[in-house]
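Residue strings, one per chain:
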Amino acid sequence: MMDHASQLELQAFFDGELPENEAHDMANRLARESDAAALLTELRNTSKALKGFESDIKLPESREFFWSKIERDIARLEQAEPAVRAPEPLLARWRRLLVPASAFAALVLMVVVAARQWELPIGFGSGVRPAPVLETALADSGAFTYRDQSEGITLVWLSYPGEKGVADSGPADTLQ
Amino acid sequence: MRAAKKGDMQAFEELVARHRDKVYARAYSMMRNEDEALDLSQEAWVKGWQRLKQFQGESSFATWLTRIVINLCLDQLRRRKRQPTESIEEIDEDSGGVERQMPVVTVNPTERLERAELRQRIDRALAQLSYEHRTVLILHEFEEMEYKRIAKTMGCSIGTVMSRLFYARRKLAALLAGWKDEELT
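Nothing here was measured: the structure is a model prediction, and the numbers come from that model. (Residues numbered from 1 in each chain as written. Chains lettered and ligands numbered in written order. Predicted model: local features only at pLDDT ≥ 70, side-chain atom pairs only at ≥ 80, totals over all residues.)

Points about the overall build of chain B
Thought 1: Assigned secondary structure in chain B consists of 9 helices and 0 strands.
Thought 2: Along chain B, from the amino end to the carboxyl end, the secondary structure elements read α-α-α-α-α-α-α-α-α.
Thought 3: Among the 185 residues that make up chain B, the fraction classed as buried is 38%.
Thought 4: Counted over contacts in chain B with a minimum sequence separation of 6, partners at least 24 positions apart contribute 68%. (Helix = DSSP H or I, 4+ residues; strand = E, 2+ residues; numbered from the N terminus. Buried ≥ 20, exposed ≤ 12 C-beta atoms within 10 Å, placed from the backbone. Contact = placed C-beta atoms within 7 Å.)

So this is what it looks like as structure tokens:
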């Protein structure tokens, strides 16, 4: 009598799932062993009996009745999930991309403008130092302001009217 | 098919009319219950409509939709399986496999049967198999799936597929021969 492994091997042979060399060995065995040949016949008959079995099974409902439930379910699902099935309009897709991009661009612009306004160095590590600014606060009084952002110092020269002549002839007082 | 893919409901209805028997038959073979088979085949058609754009034509449309109904049936049977019942086949299989000791059916028991009688006998025999054995048999004999594909579909090993298929075939052969359970050991 065949052992279980051989029975499964025989079944695989019948189903065409055995590798070629093993199939060749099984064919030889079938020629020698009658119980193997009998089992193969049984497998073949069972398979043959099942052929065409499903083709006799028919739907027990009319076409219209069967379809009506399908149609109803499809309509119900499409009403429940319109967003899933409806394709997104092109404009909406563009808007979805453009809104964050515009916000980012606006933010960058604000930073640049603010930096210029407050004379902050833009481009850290570039080695560019802001130039010192020399300005005349009151042209008539003869006061001058020297501001160096990089050093963090501000110098102011003040000239008093009484010293006008001294100022013209010698160095001015310096305040820091 | 092209029209249905574009959303033409009338074209889809034509597809349903053309393949409804095949899809229903597969559901009935697996479930052994008319009402469940109807519900599941209708559900398969609804899913088919929803996934129609994914159908690439790698297999025929009927095969594609049949696979959908098979998966729905398997889900349903697995849910049912979670309920604590144990079939005779499972007990047999666990206790050592009676199919190994069954005498071989040497004559073809179905040879002289009328078609209607043969169908009835197969129907009764399939109903006596556990869902695991019946499903393996259906996927192999009707769906013509290879062992590997069946294993993937059912989530088990190829060895298990081979064992289940062997058991199902031997049991079916005995049932078709009209043998009683006590004669099978």
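This is not the end of the story, as more comes after the structure.
Side note on the overall build of chain A
Thought 1: Check the secondary structure of chain A and you find 7 helices and 4 strands.
Thought 2: N-terminal to C-terminal, the α/β element order of chain A is α-α-α-α-α-α-β-β-β-α-β.
Thought 3: Taking all 176 residues of chain A together, the buried fraction comes to 10%.
Thought 4: Relative to all contacts within chain A whose residues are 6 or more apart in sequence, the contacts with residues 24 or more apart total 21%.

A closer look at helix 6 (residues 90–117) of chain A
In an α-helix, one turn spans 3.6 residues; hence positions three or four apart end up facing the same way.
All names here are of chain A.
Thought 1: Between its terminal C-alpha atoms helix 6 stretches 40 Å, which fits the 40 Å expected from 28 residues at 1.5 Å a residue.
Thought 2: At Leu98, helix 6 shows its largest bend, some 25°, and a proline, Pro100, comes one to four positions later.
Thought 3: Within helix 6, only 0 of the 28 residues are buried, leaving the element largely exposed. (Expected span 1.5 Å × (residues − 1). Bend = angle between axes of the 7 residues up to and from the residue.)

What to know about the nonpolar core
Residue and element names in this part refer to chain B.
Thought 1: In this structure, Ala27 and Val69 are the most contacted members of the largest nonpolar core, which totals 54 residues.
Thought 2: With 11 residues, the top contributor of residues to this core is helix 9 (residues 158–176).
Thought 3: In contact with Ala27, not counting residues within four places along its chain, are Ala37, Leu40, Ser41, Val69 and Cys73. (Core = buried A, V, L, I, M, F, W, Y, C linked by C-beta atoms within 7 Å.)

Side note on the interface of chain A and chain B
Thought 1: Between chain A and chain B, the residue contacts involve 31 residues of the former and 37 residues of the latter.
Thought 2: Among the secondary structure elements, those contributing two or more residues to the side of chain A that touches chain B are helix 1 (4–14), helix 3 (34–50) and helix 4 (63–80) of chain A.
Thought 3: The leading source of residues in the side of chain A that touches chain B is helix 3 of chain A, at 9 residues.

Overview of the packing of helix 1 of chain A against helix 3 of chain A
Residue and element names in this part refer to chain A.
Thought 1: The geometry of helix 1 relative to helix 3 is characterised by a closest axis approach of 10 Å and an angle of 50° between their N-to-C directions. Looking at the two axes, helix 1 sits oblique to helix 3. When you trace helix 1 past helix 3, the crossing you get is right-handed. Two secondary-structure elements touch here, helix 1 through Gln7, Leu10, Gln11 and Phe14 and helix 3 through Ala36, Leu39, Leu40, Leu43 and Arg44.
Thought 2: Of the residues that constitute the contact of helix 1 with helix 3, the class distribution is 6 nonpolar, 2 polar and 1 charged. (Axes fitted to C-alpha atoms, helices over the stretch in contact; angles between N-to-C directions. Parallel < 35°, antiparallel > 145°, perpendicular 65-115°, else oblique. Left-handed = near helix turned anticlockwise from the far one by under 90°. Nonpolar A, V, L, I, M, F, W, Y, C, P; charged D, E, K, R; others polar.)

Brief notes about the packing of helix 8 (residues 147–154) of chain B against helix 9 of chain B
All names here are of chain B.
Thought 1: Across the interface, helix 8 lies against helix 9 with an axial gap of 8 Å and an inter-helix angle of 100°. On the basis of their axis angle, the class for helix 8 and helix 9 is roughly perpendicular. Residues Tyr147, Lys148, Ile150 and Ala151 of helix 8 lie in contact with helix 9, whose contacting residues are Ile158, Val161 and Met162.
Thought 2: Within the contact of helix 8 with helix 9, the residues separate by chemical class into 6 nonpolar, no polar and 1 charged.

With respect to the confidence of the model for chain A
All names here are of chain A.
Thought 1: Model confidence for chain A is summarised by a mean pLDDT of 78, while 70% of its residues fall at 70 or above.
Thought 2: Ranking the elements of chain A by mean pLDDT puts strand 4 (residues 174–175) last, at 43, and helix 1 first, at 95.
Thought 3: In the predicted structure, residues 169–176 sits below a pLDDT of 50 and forms 9 contacts with residues beyond four places in sequence or in another chain. (pLDDT = per-residue confidence, 0-100.)

Focus: unusual backbone geometry
Thought 1: Despite not being glycine, Arg32(B) has its phi angle at roughly 60°, a positive value.
Thought 2: Among the secondary structure elements, Arg32(B) is positioned in the loop between helix 2 (9–31) and helix 3 (34–50).

Observations concerning the environment of Arg29(A)
Residues and elements named next belong to chain A.
Thought 1: You can see Arg29 is positioned in helix 2 (residues 20–32).
Thought 2: Residue classification places Arg29 among the partly exposed positions, given that 16 C-beta atoms sit within 10 Å.
Thought 3: Residues Arg29 and Leu10 lie 19 residues apart in sequence; the distance between their C-alpha atoms is 9.6 Å.

Concerning the environment of Phe14(A)
All names here are of chain A.
Thought 1: With respect to the element layout, Phe14 can be found in helix 1.
Thought 2: Here Phe14 falls in the partly exposed class, since 17 other C-beta atoms lie within 10 Å of it.
Thought 3: Along the backbone, Phe14 and Met26 are 12 residues apart, and their C-alpha atoms lie at a distance of 9.9 Å.
Thought 4: The residues contacting Phe14, other than those within four sequence positions of it, are Leu40, Leu43 and Arg44.

Some words on the confidence of the model for chain B
Residue and element names in this part refer to chain B.
Thought 1: For chain B, mean pLDDT is 84; residues scoring 70 or higher make up 82% of the total.
Thought 2: Within the model, the stretch residues 180–185 combines pLDDT values under 50 with 6 contacts to residues more than four positions away or in other chains.
Thought 3: For this predicted complex, the interface confidence comes out at an ipTM of 0.80, alongside a pTM of 0.66.

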